Amino acid sequence: MNLLGFFDRVSWREFSQVDSIFIASVVSLLALGIVMVSSASISISVDQHNDYTFFMWRQILYLGMGLTLGWVMLSLPTDQLQKWGILLMAISLVLLIMVLLPGIGKTVNGSRRWINLVVFNLQASEVAKVCMVVYVSGYLVRRAERVRSGWVGFFLPLCLCSIFLLFLLFEPDFGASVVLLGTVMALLFLGGAPLYQFLLLLAGAVLMLGVVAISESYRMKRLMNFIDPWADPYNEGYQLSQALIAYGRGEWFGLGLGNSVQKLSYLPEAHTDFVFSIWVEETGLIGGIVLILLFGVMVSRAFKIGNKAMALSRPFAGYVCFGFSILILAQVIINIGVNTGFLPTKGLTLPLISYGGSSLIITLASLFVIARVDIENKRIESGQAEQNTQTAKQNKSTNIEASDD
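Residues numbered from 1 in each chain as written. Predicted model: local features only at pLDDT ≥ 70, side-chain atom pairs only at ≥ 80, totals over all residues. Heavy atoms only, no water.

## Observations concerning the environment of T363
Here T363 is to be found in helix 16 (residues 357-404). Overall, T363 belongs to the buried group, its relative accessible area being 6%. Expressed as a C-alpha distance, the spacing of T363 and G70, which sit 293 residues apart in the sequence, is 9.1 Å. With residues near it in sequence (within four places) discarded, T363 still touches I328, P351 and L352. (Helix = DSSP H or I, 4+ residues; strand = E, 2+ residues; numbered from the N terminus. Buried < 20%, exposed > 50% of the residue type's maximum accessible area, 1.4 Å probe, protein only. Contact = heavy atoms within 4.5 Å.)

## A word on the packing of aromatic side chains
Counting across every chain of the model gives 12 aromatic pairs. Aromatic pair F15 and W71: ring centres 5.5 Å apart, planes at 70 degrees, arrangement edge-to-face. A residue pair is termed long-range when its members are at least 10 positions apart, and F15 in helix 1 (residues 12-16) and W71 in helix 4 (residues 54-74) qualify at 56 residues. The class for F15 is buried, based on a relative accessible area of 18%. Take W71: its relative accessible area is 27%, and that puts it in the partly exposed class. Centre to centre, the rings of F15 and F368 are 6.3 Å apart; their planes meet at 5 degrees, and the pair counts as stacked. Residue F15 is found in helix 1, and its partner F368 is found in helix 16; the two are separated by 353 residues along the sequence. Taken together, W12, F15, W71 and F368 form an aromatic cluster joined through their ring pairs. (Phe/Tyr/Trp six-rings, centres within 6.5 Å; stacked < 30°, edge-to-face > 60°.)

## Brief notes about the side chain of K263
Here K263 lies in the loop between helix 13 (238-250) and helix 14 (275-311). A relative accessible area of 4% places K263 in the buried class. Among the polar contacts listed, one links the side chain of K263 to the side chain of S39, at a separation of 2.9 Å. (Polar contact = N/O pair within 3.5 Å; in protein donor to acceptor, adjacent residues only side chain to side chain.)

## What about the packing of helix 13 against helix 15 (residues 315-340)?
In the contact formed by helix 13 and helix 15, the axes pass within 8 Å of each other and the chain directions differ by 90 degrees. On the basis of the axis angle, helix 13 is roughly perpendicular to helix 15. Judged by residue contacts, L240, A243, L244 and Y247 of helix 13 engage V338, N339 and T340 from helix 15. Residue classes in the contact of helix 13 with helix 15 are distributed as five nonpolar, two polar and no charged. (Axes fitted to C-alpha atoms, helices over the stretch in contact; angles between N-to-C directions. Parallel < 35°, antiparallel > 145°, perpendicular 65-115°, else oblique. Nonpolar A, V, L, I, M, F, W, Y, C, P; charged D, E, K, R; others polar.)

## Re helix 15
Each full turn of the α-helix corresponds to 3.6 residues, which orients residues three or four apart in the same direction. Compared with the 38 Å implied by 1.5 Å per residue over 26 residues, the 37 Å span of helix 15 between its first and last C-alpha is a close match. Most of helix 15 is tucked away: 22 of the 26 residues are buried. Just beyond helix 15, the residue with positive phi is G341, at close to 85 degrees. (Expected span 1.5 Å × (residues − 1).)

## Concerning the side chain of D173
Along the chain, D173 falls in the loop between helix 9 (151-170) and helix 10 (174-190). At a separation of 3.4 Å, a polar atom in the side chain of D173 contacts the side chain of S125. Separated by 3.1 Å, the side chain of D173 and the backbone nitrogen of A176 make a polar contact. The contacts of D173, once residues within four sequence positions are left out, are R113, Q123, S125 and L168.

## Quick word on the pattern of salt bridges
This model, assessed by the stated rule, comprises 12 salt bridges. Of the charged contacts, one joins R379 and D8 as a salt bridge, the two residues approaching to 2.5 Å between their closest N and O atoms. With R379 in helix 16 and D8 in the segment before helix 1, this pair connects stretches of sequence that are 371 residues apart. Of the residues examined, R379 reaches a relative accessible area of 30% and is grouped as partly exposed. One salt bridge connects D19 with R301, and the closest N-O pair in it is separated by 3.0 Å. Taken together, the positions of D19 in the loop between helix 1 and helix 2 (20-40) and R301 in helix 14 put the pair 282 residues apart, joining distant regions of the chain. Relative accessible area serves as the criterion here: at 10%, D19 is assigned to the buried category. When salt bridges that share partners are traced, they join D8, E14, R314, R372, E376 and R379 into one network. (Salt bridge = Lys/Arg side-chain N within 4 Å of Asp/Glu carboxyl O.)

## With respect to the nonpolar core
Ranked by size, the top nonpolar core spans 107 residues in total, and within it F22, M132, M298, F324 and L350 carry the most contacts. Per element, the largest residue contribution to this core is 14 residues, and it comes from helix 15. Those residues in contact with M132, other than ones at most four positions away along the chain, are L160, C161, F164, L180 and V184. (Core = buried A, V, L, I, M, F, W, Y, C linked by side-chain atoms within 4.5 Å.)

## Structural notes on the environment of W151
As for its position among the elements, W151 is in helix 9. C-alpha of W151 to C-alpha of P194: the two residues are 43 residues apart in sequence and 9.5 Å apart in space.

Below, the structure written as structure tokens:
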């Protein structure tokens, strides 16, 4: 099998024509991510590795790996990606199973979510989320009428999603379960599922997640601490109370980059799940708003690319853009909600900003797929413009001949 035959190389000239605002927002977020990992990880880097730049260099390595994989995805036609939807889904399911196997899955803070790949720990849920988006996007193209007209077509992808959710809850990874289910439901709604079906399913999903949330004592503790972290600020409510202290210290304009106090072993997971709190402590409320706006710009431009694909009769490409955008948006909302105390504590990273190999590499791969969609859109538009020009020339030539006669 000639693997190179699956790819279609993109020139630098074509890449330079990708939506400039989309690219600028992604580059800005990546740059801020390196800066914040460098700043927020100083204390833990010294404590664990006696090198205050340890996590910074690791994050730069992950960035290089993500850009490499991203460039590969940029050269993969979306038609080919659509054909691999079922295969990718099967691979991601195998990874979720492998995580739970003794000797393969790696446990951190009581959760078994990672597979040790030596260079970095692969978080299987990150792979599962993007592969599910690819599969469901293809399903919406193949079974469009079923999804829009009956319950069977609506429930089939949800049944498959429930299998993924089951393995995610075994890890346990409640946050990833919420993001995955929410993204699939959003795609089904965008695919034309009737509103009453969507609302009934939404009510059922909320009920199910509520039952799961109260089924474990530690989840109930998180819910109670989320409601009032100051009731037990030195024990169960410690992490959230320290995050809120970071916001208070940041005020409007922050303490300045590198001047955070909470990152000095006060706030746990300062360089991963709670990096947004450190960002606001150092840059203030204004910095927090700027970061949120950058995410908003990136997601809105990705949706615009998806809408253009739909207008050009490329539904799979459009759904993929929507799905990846929703994935990123959901993680941003949940992470910032957790950091600010609006949502219960969940172990979800802030895309492109938090430290972590799996999150950065997989997110970059999905963003490069969106860039690929934009390139293909422009190729089609260019071809249509050229065809219109040729048609106009032919019509003009015909009219001249007719006038001569």
